[in-house]
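# Report on the structure
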Amino acid sequence: MSTFFDYVDSNKDRFKDELFELLKIPSISADSKYKKDVKEAATFLENQLKSIGMDEVKLCETDGNPVIFGKHLKAGADKPTVLIYGHYDVQPPDPLDLWETAPFEPTERDGKVYARGASDDKGQAYIHVKAIETWLKSGQDVPVNIKIILEGEEEVGSPNLVPFLKEYKDELACDMVLVSDTAMFAKDTPSITYGLRGLAYMELEVFGPNRDLHSGVYGGAVQNPLNALCEMVAKMKDENSVIQIPGFYDDAIDLTEEEREAGRKLPFNEKEWLGAIGVDEGFGEKGYSTLERKASRPTLDMNGMWGGYQGEGAKTVLPAKAGAKISMRLVPNQDPHKIAKLFTEYCESIKPAGVTIKVTDHHGGDAAMTPLDFYGLKAAAQAYNDVYGKEPLFAREGGSIPIVADFERVLGVNTILMGFGLNSDAIHSPNEHFHLKDFYRGIKTSVRFLEVLSDYKP
Ligand code: BES
Ligand code: MN
Ligand code: MN
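Reference entry: report on the structure contained in this document. Note that this is a predicted model, so its numbers are computed, not measured. (Residues numbered from 1 in each chain as written. Chains lettered and ligands numbered in written order. Predicted model: local features only at pLDDT ≥ 70, side-chain atom pairs only at ≥ 80, totals over all residues. Heavy atoms only, no water.)

## What about the site of ligand 1?
Close to ligand 1 lie 17 residues, the nearest being Glu154, Asp181, Arg329, Ser400 and His428. Aspartate 120 is positioned such that a nitrogen or oxygen atom in its side chain is 3.0 Å from an oxygen atom of ligand 1. Side-chain polar atom of glutamate 154 to an oxygen atom of ligand 1: 2.7 Å apart, as the coordinates give it. When ligand 1 sits alone it has 530 Å² of accessible area, and the protein chains cover 89% of it. Class assignment for the residues of the shell around ligand 1 results in four nonpolar, seven polar and six charged. Looking at which domains feed residues into the shell around ligand 1, each of domain 1 (2-196 + 367-453) and domain 2 (198-252 + 298-365) gives three or more. (Near = heavy atom within 4 Å. Polar contact = N/O pair within 3.5 Å; in protein donor to acceptor, adjacent residues only side chain to side chain. Areas by Shrake-Rupley, 256 points an atom, 1.4 Å probe, with all protein chains shown as cover. Nonpolar A, V, L, I, M, F, W, Y, C, P; charged D, E, K, R; others polar. Domains from an automatic or database assignment.)

## A look at the layout of surface pockets
Empty space among the atoms can be located by rolling a probe the size of a water molecule over them. Considered as a void within the structure, the second largest pocket measures approximately 610 Å³ in volume. Around the second largest pocket, the lining comprises 26 residues; the ones closest to its centre are Tyr194, Glu259, Arg260, Ala262 and Gly263. If you list the elements that add at least two residues to the lining of the second largest pocket, you get helix H7 (257-264), helix H9 (290-295) and strand E17 (393-397). Looking at the lining of the second largest pocket, the element that brings in the most residues is H7, giving six residues. For the lining of the second largest pocket, the residue count by class is 14 nonpolar, four polar and eight charged. (1 Å grid on protein atoms, 1.4 Å probe; cavity = no way out; pocket = protein on both sides within 12 Å on 5 of 7 lines; lining within 4 Å. Points joined across faces, edges and corners; volume = space filled by probe spheres on them. Helix = DSSP H or I, 4+ residues; strand = E, 2+ residues; numbered from the N terminus.)

## What to know about the sheet that holds strand E10 (residues 198-207)
Read across the sheet, four strands follow the order E12-E14-E10-E15 without closing on themselves; strand pairing throughout is antiparallel. Each having just a single partner strand, strand E12 (301-307) and strand E15 (356-365) make up the two edges of the open sheet. Ignoring which end each strand starts from, the neighbouring axes of this sheet average 15 degrees apart. Sheet analysis places E12 next to strand E14 (residues 321-330), joined by six bridges and oriented antiparallel. Looking across to E14, one finds that methionine 302 is bridged to isoleucine 326. (Pairing = 2+ DSSP bridges. Axes fitted to C-alpha atoms, helices over the stretch in contact; angles between N-to-C directions.)

Below, the structure written as structure tokens:
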């Protein structure tokens, strides 16, 4: 093992330089202006996988952004096959003025690289590219069979990845999926995420009069769409933060008593967690702890709301329309389509008189869970032990990677979520960063994981 670790140590600077090259490409999937850049990031990774000596690497076109698909199957049929997944697209970087250094000019400060995508997910996905390189350049072959797919649409809900999984189902056959696109529980605390929340993302628009009106001339005598929207939003949760949509919780699987007990033993420092985001009091569903609320319970949140005058000073106006973007995070067994339908029906039922509404279902995805007795997790835990010198923790996380549920549904396999990021990495926010120490430890953990796994029979 030490020779592999030596390879990582002696190639650190080059690994970092290459990551910087990837981070310079503004591969923003949400904005069509960046289509060319998204393609450039895909090509960069295609060339990388080819140059490290993977057997077969192709750029697969989809109806959206390409998927880079690599294979290296020299270990033979009696060895496990791992499918590595990551995404090379990133979130838009705005608000730009809050970045200390430009989002697509990666900069190193205090052992961290600052750039959009540093942690989510270019830095974490690149860990595995360099781990595969480490094996291939070691003179030995990779001890398990490797497949890798890197997509460019995760941040917009992976609309073309399920069709891709179905089209390439046979070629993608594997024993497990390995993903690094989550966070560690805390600094220097290796963690395996065994649960992710699902998502239903809705838009609610409320329409009233045929134009904006003088709030003195008309106010009080016609319905104000913005008032109507606020009334509706206020009816979505009760004073205990219980979601009021009929049927919302019907299929939701709650935490087991065993899980709650295990959760209480996790080294979660609530004060610190709240302090880091400038909040001094937790908030949420009655009867659940902060840790449970943030990862294992469903939510309903406004992500944006608009309507009426928002400029300087005061303008007396009744807006003709108003709207809100609303996300609902889901737990295992809640079907995002069903939830979207229940949400729509509920909106119709609470719509105040005098306005019309339109509800749009933007995208969604299922929650996912990896069974704790899955053998892949044992191999992962061993690898963490050998690199971080600690047993990893097992925890659920509140974010969503909708394709993980499809790996199980379409390919019939479990996913190992080996995250090397931190909650403090500011993903999706200004000044996103990634600790280089974890970039290198991540590479070593991945290298070691592939070795440990080779002792298991598929
Ligand atoms: N990598 C994140 C998901 C994540 C982050 C999971 C931290 C666990 C911990 C991913 O890129 C992401 O942002 N997913 C989106 C969902 C998507 C459908 C837009 C999310 O969770 O909002
Ligand atoms: Mn991600
Ligand atoms: Mn993301």
